[in-house]
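Analysis of the macromolecular model
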Amino acid sequence: MDSNFKSGFAAVVGRPNVGKSTLINALTGQKVAIVSSKPQTTRSNMLAMDNGEGYQIVFTDTPGVHRPRTDLGRFMNESAARSVDGVDCAVLVVEAGKEVYDLEREILENVTSKSIPVILAINKTDIANKEDMLPQIEAFSGICDFAAVVPVSAKRGGNLSALREEILKLMPVGPAFYPDDIAADRTVRQMCEEIIREKILRLLDKEVPHGTAVEIEEMKEEEGLTRISAVIYCEKSGHKPIIIGKNGESLKRIGSYAREDMEKLLETKVFLKLWVKVRADWRNKPTALRELGYSDKE
Ligand SMILES: Nc1nc2c(ncn2[C@@H]2O[C@H](COP(=O)(O)OP(=O)(O)OP(=O)(O)O)[C@@H](O)[C@H]2O)c(=O)[nH]1
Ligand SMILES: [Mg+2]
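What counts as what
Residues numbered from 1 in each chain as written. Chains lettered and ligands numbered in written order. Predicted model: local features only at pLDDT ≥ 70, side-chain atom pairs only at ≥ 80, totals over all residues. Near = placed C-beta within 6 Å. Helix = DSSP H or I, 4+ residues; strand = E, 2+ residues; numbered from the N terminus. Nonpolar A, V, L, I, M, F, W, Y, C, P; charged D, E, K, R; others polar. Core = buried A, V, L, I, M, F, W, Y, C linked by C-beta atoms within 7 Å. Buried ≥ 20, exposed ≤ 12 C-beta atoms within 10 Å, placed from the backbone. Contact = placed C-beta atoms within 7 Å. Pairing = 2+ DSSP bridges. Axes fitted to C-alpha atoms, helices over the stretch in contact; angles between N-to-C directions. Parallel < 35°, antiparallel > 145°, perpendicular 65-115°, else oblique. Left-handed = near helix turned anticlockwise from the far one by under 90°. Domains from an automatic or database assignment.

Regarding the site of ligand 1
Close to ligand 1 lie 24 residues; Gly19, Ser21, Thr42, Gly64 and Lys155 are nearest. In terms of residue count, the dominant contributor to the shell around ligand 1 is helix α1 (residues 20–28) (3 residues). For the shell around ligand 1, the per-class residue count stands at 7 nonpolar, 13 polar and 4 charged.

In structure tokens, the structure reads:
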């Protein structure tokens, strides 16, 4: 064992849609987290491993911190807040060129109250106005003593090794926590559910995607083929025809994009069957939240 091997935990936190999941995929070099242009894509914490020469960084992808209007939203915020407990560093991701948001001040208060070092990752530099970045960095430096401030582009892969170097400075020496063939703490079934939800978020508009959840009912492996049957839950009866679409076209598109990703993940052909069911106001129902995996209560 290399006596200089470094290994530790880093939680990636921030407002919704700033690019936390994109950054984690880029740093770990794998598509483990789902990404969409809609806020509140990530719903629960996920560990994702970055294994490299002489190190292992265990990242936590977290839901974007927002002002919740449902019990699901409250669960998401609590998950994000808890993600920094006991980690070696937090990475606050913000959008380049923007103001300092109250939510970001609150995240920083939570992290610094636990004496966790914070790195500021200023993301989306590829689309930002460079003149707006200096005042932003000054404003952030005024409210927190960051271990480092690193401008990056998660989408274009810009400056990611500099960010990793700064994270590694805060990682303790010690052996890896996980075997190096584990990409994330999710089962294949959970990954497939997330793939379907990603396609819903990407292909459907307005408030409908935010009120959906996906549950795989059956997953059966046969010779070179995996049969998957999944239910898409929506929270209002009016949403069901929108998800299905005219002549079932919308659901067909969700299914065929999801199938493509699942075939890559499973390395088999996939036969995917999708059902749409209404589960009224499920985002505020404790039993539904528990059954769909959005709860800490057993
Ligand atoms: N131009 C640009 N877009 C980016 C960059 N990083 C992420 N995005 C885009 O920003 C959007 C949100 O990305 P996500 O990674 O889902 O953001 P998130 O912070 O995980 O969002 P939540 O899970 O909702 O909290 C997507 O459309 C990404 O493609 C970047 O460096 N540059
Ligand atoms: Mg995310």
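A closer look at the nonpolar core
Counting 75 residues, the largest nonpolar core has Ala10, Ala90, Val91, Leu92 and Ala121 as its most contacted members. The contacts of valine 91, once residues within four sequence positions are left out, are Ala10, Val12, Ile119, Ala121 and Ile167.

Details of the sheet that holds strand β9 (residues 269–278)
Spatially, β7-β8-β9 is the arrangement adopted by the 3 strands of the open sheet, whose pairing is mixed. The open sheet has two free edges, formed respectively by β7 (213–222) and β9, since each of these has just one partner strand. This sheet shows a mean twist of 15° between the axes of neighbouring strands, independent of strand direction. In this sheet, β9 lies alongside strand β8 (residues 225–234) in parallel orientation, the contact comprising 10 bridges. Residue pairing across strands places arginine 227 opposite phenylalanine 271, the latter belonging to β9. Its contacts with the sheet put helix α6 (residues 188–203) on β7 and β8, and the angle it makes with β7 is roughly 130°. The sheet strands contacting helix α8 (residues 249–266) are β8 and β9, and the helix crosses β9 at an angle near 135°.

Some words on the packing of α6 against α8
Viewed as axis vectors pointing N to C, α6 and α8 meet at an angle of 140°, and their least axial separation amounts to 9 Å. The orientation of α6 with respect to α8, classified from their angle, is oblique. In this structure, α6 crosses over α8, and the sense of that crossing is right-handed. Contact with α6, carried on its side by Val188, Met191, Cys192, Ile195, Ile196, Lys199, Ile200 and Leu203, involves Ser250, Arg253, Ile254, Tyr257, Ala258, Asp261, Met262, Leu265 and Leu266 of α8 and no other residues of that element. Looking at the contact of α6 with α8 residue by residue, the classes come out as 13 nonpolar, 1 polar and 3 charged.

Brief notes about the domain arrangement of the protein chain
Domain assignment breaks the protein chain into domain 1 (6–169) and domain 2 (188–291). Using C-alpha coordinates to define each centre, domain 1 is positioned 28 Å away from domain 2. At the interface, 9 residues of domain 1 touch 11 residues of domain 2.

Quick notes on unusual backbone geometry
Phi at lysine 206 is positive, roughly 60°, even though this residue is not glycine. Position of lysine 206 relative to the elements: it lies in the loop between α6 and β7. For lysine 206, a count of 9 C-beta atoms within 10 Å corresponds to the exposed category. In this model, glutamate 267 sits at a positive phi of 55°, which is unusual for a non-glycine residue. Here glutamate 267 shows up in the loop between α8 and β9.

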